[in-house]
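Commentary on secondary and tertiary structure
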Amino acid sequence: MPIPRYEYTGPIDHTTPIDHAKLKGKSVIITGGANGMGETCVRHFAAAGAYITIADMNLRGQDISAELNKTYNDERTVFIKVDIRDWDQQKAMFDTAMAKFGAVDVVIANAGISRSSGDSLWNLDDPSGEPTKPDLNIVEVNLKGTFYTWKLAVHYWRRQKEEEGRDRCFIITGSMVGWIDSPVSPTFHIS
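Reading the values: rules and limits
- Residues numbered from 1 in each chain as written.
- Predicted model: local features only at pLDDT ≥ 70, side-chain atom pairs only at ≥ 80, totals over all residues.
- Heavy atoms only, no water.
- Pairing = 2+ DSSP bridges.
- Helix = DSSP H or I, 4+ residues; strand = E, 2+ residues; numbered from the N terminus.
- Axes fitted to C-alpha atoms, helices over the stretch in contact; angles between N-to-C directions.
- Contact = heavy atoms within 4.5 Å.
- Expected span 1.5 Å × (residues − 1).
- Buried < 20%, exposed > 50% of the residue type's maximum accessible area, 1.4 Å probe, protein only.
- Arc of directions from axis to C-beta.
- Right-handed = clockwise from strand over helix to strand, strands pointing away.
- Salt bridge = Lys/Arg side-chain N within 4 Å of Asp/Glu carboxyl O.
- Phe/Tyr/Trp six-rings, centres within 6.5 Å; stacked < 30°, edge-to-face > 60°.
- Patch = residues over 30% accessible without salt bridge, like charges linked within 9 Å, V, L, I, M, F, W, Y side chains within 5 Å.
- Areas by Shrake-Rupley, 256 points an atom, 1.4 Å probe, with all protein chains shown as cover.

**Here's the deal with the sheet that holds strand β5 (residues 169–172)**
If you trace the five strands from one edge of the open sheet to the other, you get β3-β2-β1-β4-β5, paired in parallel fashion. Both edges of this open sheet fall to β3 (77–81) and β5, since each of them pairs with a single strand only. Each adjacent strand pair in this sheet contributes to an overall mean axis angle of 15°, direction not counted. Relative to β3, strand β2 (residues 51–56) is paired through five bridges, and the arrangement is parallel. Directly across from A55, in β3, lies its bridge partner I80. Along the sheet, helix α2 (residues 60–71) makes contact with β2 and β3, crossing β3 at roughly 170°.

See below:
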């Protein structure tokens, strides 16, 4: 399926009420769907009648999937354990969504980590000693993993047959963690 070239048509009117009925039957992949903003998205899409692939490293996603399937008395969700840094695991995530729900309409790239994950990027070295090389896990997850999600979303959308009512939507989320300052950030003072 060719993706039409983007054309700016002006700002979106955010005062227009959302018609949640349009979500019924849509297939949605949500990375980082086992807690926080991702879980909230999962629950809202499920309530609207969408089919959701919950992707997360946290096995709590299995419990959420089972709970929602029981609540709605159907199989509208599936959980798949995914480390978004791993291309093959993400590909399997898309393959699962396609096999289970027949399409992928919406992809929400929500998975991410913060410095509280213990990433060594934030460990401060003794300034009188040698610096230690960080593992950059935060970059691997938040950037590389999200780019993998985007690349695969576009690929799978282009493979799908165009049908009336089947649109495509990619959403990247971020939490307040993206705004938190780094410890001992350099400050320059000019006198």
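Let's pick the thread back up.
**Details of α2**
Over its twelve residues, α2 runs 17 Å from end to end, which matches the ideal 16 Å to within 8%, given 1.5 Å per residue. Along α2, the residues classified as buried are G61, I64, S65, L68 and N69. The buried residues of α2 occupy an angular sector of 125° when the element is viewed end-on, so they sit on one face. Exposed positions of α2 whose direction lies more than 90 degrees from the buried face are D63, K70 and T71. On its buried side, α2 packs onto α1 (36–47), β2 and β3.

**Quick look at the pairing of β3**
Two faces, one strand: in a regular strand the side chains alternate between the faces of the sheet. The buried fraction of β3 is high, at four of five residues. In this fold, β2 hands off to α2, which returns the chain to β3; that crossover is right-handed.

**With respect to the environment of L152**
Relative to the assigned elements, L152 resides in helix α4 (residues 137–159). For the pair L152 and F94, spaced 58 residues apart in sequence, the C-alpha to C-alpha distance is 7.6 Å. Those residues in contact with L152, other than ones at most four positions away along the chain, are W87, Q90, K91 and F94.

**Quick look at unusual backbone geometry**
Positive phi values are uncommon outside glycine, yet N73 reaches one of about 55°. Inspection of the secondary structure puts N73 in the loop between α2 and β3. In this structure, L136 is a non-glycine residue whose phi angle is positive, near 60°. Counting through the fold element by element, L136 comes out in the loop between β4 (106–109) and α4. With relative accessibility at 36%, the residue L136 sits in the partly exposed group.

**Section: the pairing of β2**
Most of β2 sits out of view: five of its six residues are buried. Looking at chain direction, strand β1 (residues 27–31) and β2 are connected through five bridges and run parallel. Across the sheet, the residue bridging to S27 is Y51, located in β2. Tracing the backbone out of β1, into α1 and back to the parallel element β2 gives a crossover that is right-handed.

**Some details on the pattern of salt bridges**
Per the stated rule, a full pass over the model turns up nine salt bridges. Counted as one network, the salt bridges with shared partners bring together E39, R43, R60 and E67.

**Remarks on the packing of aromatic side chains**
Inspection of the entire model under this criterion finds five aromatic pairs. Pairing W150 with W157 gives two aromatic rings, centres 6.3 Å apart and planes at 80°, and the pair type is edge-to-face. Among the residues examined, W150 registers a relative accessible area of 42% and is labelled partly exposed. These aromatic residues form a ring-pair network of at least three members: W150, W157 and F170.

**Re a nonpolar patch on the surface**
The grouping of L121, L136, V139, L143 and F147 at the surface amounts to a nonpolar patch, some 420 Å² of accessible area in total. With respect to the secondary-structure elements, F147 resides in helix α4. Given a relative accessible area of 56%, F147 falls into the exposed group.

By themselves, these observations are geometric and do not establish any function.
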